[in-house]
Amino acid sequence: MTKPHAIVIGAGFTGVAIAWDLTQRGFRVSVVERGPIANGTSGRTHGLLHSGARYAVNDQESAIECIQENLILRRIVPDAIEPNGGLFVAVQEEDLAYREKFIEGCAACGIPIRELTPQEVLRLEPNLNPRLLTAFTVPDATFDPLRLALAFAASAKAGGAQFYLYTDVVDLLRDGRGNVCGVKAWNRAADQRFHLPAEVVINATGAWVGQITAMAGVQVPITPTPGVMVAYDKRLTQRAINLLNEPGDGDIVLPQRRMMVVGTTSFTIEDPDYVPVYEDHVALMMERGAALIPALRQTRERGAYMATRPLIGATAPGRSISRTFKAYDHAETDGIEGLVTITGGKATTLRLMAEKTVDVVCRKFGIEVPCRTAETPLLSYRKFYQ
Ligand SMILES: Cc1cc2nc3c(=O)[nH]c(=O)nc-3n(C[C@H](O)[C@H](O)[C@H](O)COP(=O)(O)OP(=O)(O)OC[C@H]3O[C@@H](n4cnc5c(N)ncnc54)[C@H](O)[C@@H]3O)c2cc1C
């Protein structure tokens, strides 16, 4: 029997994880990406492998997804992860008011935490604000964004997936009934235009999903929600540092190799191809980061950058939108066969997002092969180029 052909649009975390899962469940896979691997948001995150503690009070569905996927990713892709742990730190009296809710939320979500005295914390992380009031250890970690994406892409490639990089999807192919039956692509490097027919097209374009669904004349509720981050030229902590409070601006500071990254803000935009890095956001990151780690004031700023979250939902302000995800089969929502869209989620939940999306795709073809990506170690990121 010939394998059904699935096209994945987008080679960010979501697209490469979907491509890997599809190859394991009996599909012939093509990935069409307008830039290199991790060209979009995935190449520009903090790189925090969430323990879920950040969402344990207000968004427990995401918190549970994060802790479960955190443990799975440590097993299947250890080379992309620095298992350095994290801390939630109270620096003001108002942070202490969050302490009880935090303890209860983490317990409810199965996130192991341990409270430390300020002396214990400062022994672990001498660059933290010495006036800190309390702190909890959490099983956060740091991931290398490119290695994480490349490990999934390398595994997908070894499973037969074909990657069309620097290739835009400029339109969808439609049959006589308006159903989607492939893509029209444009290879920018060679300036070649071609048609790629397929039985199903999976729209994994993150903040750009609306541009692809518009090609089919339909909409999905998504709020492109960018954030600004600032990188510093020195590593000042070993662990990921979070403020012990409701998620807010500039409350995550974490090491990325020999640098520190402070993030992030949250605002909404119309066009994901034009996202300004506002000066006042950069200043706010520097001020909030220094409240947690005063030595940042004396550390050279390496650069400021931004990325855009593809959050689900169309109206709520960014911080109030759940970090969970949703896969749409447009046959069910809009009566258009051949197109599936995935929105929302986090880097930490990329594998689970892929599992649920591929479940939707498999149902369409009556394929009953179970997902095995949680138990299958990925190839090294190096293999993508071999
Ligand atoms: C500021 C910020 C910090 C974050 N930090 C973290 C963190 O620390 N930990 C965490 O777990 N999550 C974090 N996230 C969330 C996480 O980064 C995103 O959820 C994730 O990267 C989204 O991946 P994606 O593959 O869905 O989208 P993307 O990575 O944006 O991938 C979409 C891809 O589609 C491609 N594309 C678009 N249009 C077309 C087209 N027409 N043709 C072909 N290709 C196309 C783009 O080039 C892009 O590569 C952060 C998000 C932001 C904004």
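Look above for the structure.
Attention in this report is confined to the structure presented alongside it. These figures come from a predicted structure and were not determined experimentally. (Residues numbered from 1 in each chain as written. Predicted model: local features only at pLDDT ≥ 70, side-chain atom pairs only at ≥ 80, totals over all residues. Heavy atoms only, no water.)

**Overview of helix H8 (residues 279-292)**
And step 1. Between its first and last C-alpha, H8 extends 21 Å over 14 residues, near the 20 Å set by a 1.5 Å rise per residue.
And step 2. Restricting attention to buried positions, one finds in H8 the residues His281, Val282, Met285, Gly289, Ala290 and Leu292. Along the long axis of H8, the arc covered by the buried residues comes to 165°, so they all point the same way. What points out from H8, more than 90 degrees from its buried face, is the exposed set Glu279, Asp280 and Glu287.
And step 3. Considering only its buried residues, H8 is in contact with strand E5 (86-90), strand E14 (222-232), strand E15 (240-243), strand E16 (252-256), strand E17 (259-263) and strand E18 (301-312). (Helix = DSSP H or I, 4+ residues; strand = E, 2+ residues; numbered from the N terminus. Expected span 1.5 Å × (residues − 1). Buried < 20%, exposed > 50% of the residue type's maximum accessible area, 1.4 Å probe, protein only. Arc of directions from axis to C-beta. Contact = heavy atoms within 4.5 Å.)

**Here we look at the site of the ligand**
And step 1. Around the ligand, the surrounding shell holds 36 residues, and the nearest of these are Thr14, Glu33, Ser42, Thr45 and Thr348.
And step 2. In this structure, Leu48 approaches the ligand through a main-chain N or O atom, which is 2.8 Å from a nitrogen atom.
And step 3. Here the ligand, which alone exposes 1,000 Å², has 98% of that area covered by the protein.
And step 4. Of the residues in the shell around the ligand, the class split is 12 nonpolar, 19 polar and five charged.
And step 5. The two domains that each donate at least three residues to the shell around the ligand are domain 1 (5-41 + 146-220 + 323-365) and domain 2 (78-139 + 223-312). (Near = heavy atom within 4 Å. Polar contact = N/O pair within 3.5 Å; in protein donor to acceptor, adjacent residues only side chain to side chain. Areas by Shrake-Rupley, 256 points an atom, 1.4 Å probe, with all protein chains shown as cover. Nonpolar A, V, L, I, M, F, W, Y, C, P; charged D, E, K, R; others polar. Domains from an automatic or database assignment.)

**Digging into empty space enclosed by the protein**
And step 1. Summed over the entire model, instances satisfying the criterion amount to one cavity of 30 Å³ or more.
And step 2. In this structure, the largest cavity encloses a volume near 40 Å³.
And step 3. Taken together, Arg54, Phe88, Tyr98, Asn242, Leu243, Asn245, Glu246, Pro247 and Asp251 make up the full set of residues lining the largest cavity.
And step 4. A per-class count over the lining of the largest cavity returns four nonpolar, two polar and three charged. (1 Å grid on protein atoms, 1.4 Å probe; cavity = no way out; pocket = protein on both sides within 12 Å on 5 of 7 lines; lining within 4 Å. Points joined across faces, edges and corners; volume = space filled by probe spheres on them.)

**A short note on the sheet that holds strand E4 (residues 81-82)**
Two modes of strand pairing occur in sheets, parallel and antiparallel, and in both the strands are linked by backbone hydrogen bonds.
And step 1. In spatial order, the strands read E3-E8-E4; together these three strands make up an open sheet with antiparallel pairing. Lying at the two open borders of the sheet, with one neighbouring strand each, are strand E3 (48-49) and E4.
And step 2. Two elements, E3 and strand E8 (residues 141-143), share two bridges in a ladder whose sense is antiparallel. Opposite Leu48, over in E8, you have Thr142 as the bridge partner. (Pairing = 2+ DSSP bridges.)

**So, the nonpolar core**
And step 1. Val8, Ile18, Leu22, Ile37, Val77, Phe152 and Phe163 are the most contacted members of the largest nonpolar core, which has 53 residues in total.
And step 2. When near neighbours in sequence (up to four residues on either side) are disregarded, Leu22 contacts Ala6, Val8, Phe27, Val29, Ile202, Val358 and Val361.
And step 3. Judged by nonpolar contacts, the second largest core, of 26 residues, contains Leu132, Tyr232, Val253 and Val282. (Core = buried A, V, L, I, M, F, W, Y, C linked by side-chain atoms within 4.5 Å.)

**What about the packing of aromatic side chains?**
And step 1. By the definition in use, this model includes nine aromatic pairs.
And step 2. Ring centres of Tyr98 and Phe102 lie 6.3 Å apart, and the angle between their planes is 40°; this geometry places the pair in the tilted category.
And step 3. With a relative accessible area of 3%, Tyr98 lands in the buried category.
And step 4. Grouped by ring-pair contacts, the aromatic residues Phe88, Tyr98, Phe102 and Phe136 constitute a single cluster.
And step 5. Over the ring of Phe384 we find Lys157; its NZ or CZ atom is 4.7 Å from the centre of that ring.
And step 6. Taking NZ or CZ as reference, Lys326 lies 5.1 Å from the ring centre of Tyr328, over its face. (Phe/Tyr/Trp six-rings, centres within 6.5 Å; stacked < 30°, edge-to-face > 60°. Lys NZ or Arg CZ within 6 Å of the ring centre and 35° of its normal.)

**Topic: the pattern of salt bridges**
Oppositely charged side chains are able to pair whenever their charged atoms sit close together.
And step 1. The final tally for this structure, using the stated rule, is 20 salt bridges.
And step 2. Across the pair Asp359 and Arg25 runs a salt bridge, and its minimum N-O distance is 2.8 Å. Residue Asp359 is located in helix H10 (residues 350-365), and its partner Arg25 is located in the loop between helix H1 (13-24) and strand E2 (28-32); the two are separated by 334 residues in the primary sequence.
And step 3. Residue class for Asp359 comes out partly exposed when judged on its relative accessible area of 23%.
And step 4. Assessed through its relative accessible area of 3%, Arg25 is described here as buried.
And step 5. The shortest N-O distance in the salt bridge between Asp233 and Arg300 comes to 2.5 Å. With Asp233 in the loop between E14 and E15 and Arg300 in the loop between H8 and E18, this residue pair connects regions lying 67 residues apart in the sequence. (Salt bridge = Lys/Arg side-chain N within 4 Å of Asp/Glu carboxyl O.)

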